[in-house]
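# Chain and residue survey
So you can see what is in the structure, the chains are spelled out below.
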Amino acid sequence: MSNPYSNLGHAGKQMDRLVGRFSGNGSTTTRELCLPRARYTVFVSCDPSEAVRRFSLIDQHGREWPNWRELPVPGDVMAPLVQELLPDGTYRVVVETRTRTCGWDVQVVLNSMQSKGSAPPDWTSPFATPDTVTVRSSAYEHVVIGQTGHYYVDWWIGDEAVGQRGSHRHGYDMRLRAADGRDVVLGHANDAGDHRIRLVFLSAGTWTVEMNADAPWGLTVSPVIGAMGGGARGF
């Protein structure tokens with residue numbers, strides 16, 4: 001049997017190309033994004049998740065995706081559209097949140113073209129990659145996040161070396177607290193072991209490091225760079 005897409009260039013081929021990205025805080029309607037007829041996956045990250053009331057991808061005719069009657073509450077869905085066939089047209093992303101400080105990031109990934117013509121180019125960020133930030137208990141205990149996105153976190157306590165991180169010789173409890181009071185728990189250790197969260201989604205702004213430990217400590221926050229799977233990307 002002949003391939004019906006054999007003369008259609010990219011049509012039917014799995015591409016997983018990031019073609020649009022939006023990030024912000026609070027309720028927003030984004031600028032227009034022109035999309036060809038294709039299958040798409042949309043990834044949504046938010047902080048805090050419970051503050052997101054609505055997420056929609058809306059075309060120029062007012063049609064909305066996804067159908068939330070078949071999905072949980074918006075903030076708990078990392079990929080509200082998966083391999084969804086969308087007609088060609090212009091689209092806007094609508095995000096409604098309960099707070100003005102709720103941070104979010106939306107990535108639109110083209111999985112496969114379903115029409116003739118060229119696929120949109122890869123999305124490129126207009127901003128430079130954020131720097132890695134290091135803070136210590138002996139200095140100013142704040143982390144300034146310049147761009148909303150995914151970050152790796154790591155920390156050490158006392159005389160731990162890199163190879164010793166993760167041991168629980170020191171009991172501690174660590175979290176980051178935003179200016180509006182919400183927090184992101186990073187880890188804790190006691191006699192039962194050491195539990196650490198390495199990958200976090202952080203909104204732009206100043207975060208206070210709250211660390212209860214019995215020894216001096218240090219913390220690094222590094223941007224996630226490159227592919228994150230399924231076409232989604234870090235910085």
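Up top is the structure.
The model shown is predicted, which means the values in this text are computed figures rather than measured ones.

Another aspect to go through is the pattern of salt bridges. All chains considered together, the criterion is met by 15 salt bridges. For the salt bridge of D180 with R182, the shortest nitrogen-to-oxygen distance reads 2.8 Å. Through salt bridges with shared partners, one network takes in D173, R175, R177, D183 and E210.

Turning next to the sheet that holds strand β4 (residues 38-47). Ordered in space as β1-β9-β4-β7, the four strands form an open sheet in which the pairing is antiparallel. Pairing within the sheet leaves two strands with one partner each, and these edge strands are β1 (17-25) and β7 (81-86). Here the average twist between neighbouring strands, direction ignored, is 25 degrees. With four bridges connecting them, β4 and β7 associate as antiparallel partners.

Quick look at the environment of D159 now. Within the element layout of this structure, D159 appears in the loop between β12 (149-157) and β13 (172-177). For the pair D159 and P216, spaced 57 residues apart in the sequence, the C-alpha separation amounts to 8.4 Å.

This part is about the pairing of strand β18 (residues 217-223). The buried count for β18 comes to six of seven residues, which makes it a mostly enclosed element. Where strand β10 (residues 133-136) lies against β18, four bridges are found, and the strand directions are antiparallel. Considered in β18, the bridge of V133 is made with V221. Taken together, the seven bridges between β12 and β18 define a ladder with antiparallel strand orientation. Bridge pairing in β18 places D154 opposite T220.

Let us now look at the packing of aromatic side chains. With the rule as written, the count across this model stands at three aromatic pairs. For the ring pair W65 and Y91, a centre distance of 5.8 Å and an interplane angle of 55 degrees mean the geometry is tilted. On the criterion of sequence distance, the pair formed by W65 in strand β6 (residues 64-65) and Y91 in strand β8 (residues 89-97) is long-range, its members being 26 residues apart. Taking the relative accessible area as the measure of exposure, Y91 reaches 1% and is therefore buried. Ring geometry for Y151 against F235: centres 5.3 Å apart, planes inclined by 55 degrees, an arrangement best described as tilted. Highlighted residues: Y151 in strand β12 and F235 in the segment after β20 (232-233), separated in sequence by 84 residues. Under the relative-accessibility criterion, F235 is labelled buried at 18%.

An order of β10-β18-β12-β16 is seen for the four strands of this open sheet, with the pairing classed as antiparallel. Here the strands that pair on one side only, and so sit at the sheet edges, are β10 and β16 (199-202). Put simply, the sheet's adjacent strands are angled 30 degrees from each other on average, direction ignored. Alignment of β12 against β16, held across four bridges, turns out to be antiparallel. The residue bridging G149 from the neighbouring strand is L202, located in β16.

Its location among the elements puts D194 in strand β15 (residues 193-196). Separated by 12 residues in the primary sequence, D194 and R182 place their C-alpha atoms 23 Å from one another. Side-chain polar atoms of D194 contact the side chain of Y172, separated by 2.5 Å. Within the structure, D194 has its side chain in polar contact with the side chain of R196 (distance 3.0 Å).

Cut-offs used in this document
- Each chain carries its own residue numbering, running from 1 in the written order of its sequence.
- At least 70 in pLDDT is required for a residue's local features to be given in this predicted model, at least 80 for side-chain atom pairs to be given and counted, and no such filter applies to totals for whole chains, interfaces and linings, which use all residues.
- Based on all heavy atoms of the structure, the side-chain values leave hydrogens and waters out of the count.
- One speaks of a salt bridge when a side-chain nitrogen belonging to Lys or Arg is within 4 Å of a carboxyl oxygen belonging to Asp or Glu.
- Pairing between two strands is assigned when DSSP locates at least 2 bridges connecting them.
- Each helix is a run of H or I in the DSSP string that is no shorter than four residues. Each strand is a run of E no shorter than two, and both are numbered from the N terminus.
- To obtain an axis, a line is fitted to C-alpha atoms, over the contacting stretch when the element is a helix, and the angle between two such axes runs from 0 to 180 degrees between their N-to-C directions.
- Accessible area is worked out with a 1.4 Å probe on protein chains only. A residue is then buried under 20% of its type maximum, exposed over 50%, and partly exposed in between.
- Only Phe, Tyr and Trp rings take part, Trp by its six-membered ring, and two of them pair if their centres are within 6.5 Å. Stacked means planes under 30 degrees apart, edge-to-face means over 60, and tilted covers everything else.
- Think of a polar contact as two N or O atoms within 3.5 Å of one another; within protein, one of them needs to be a possible hydrogen donor and the other a possible acceptor, and neighboring residues in sequence only count if both atoms come from side chains.

In short, shape yes, function no, at least from these values alone.
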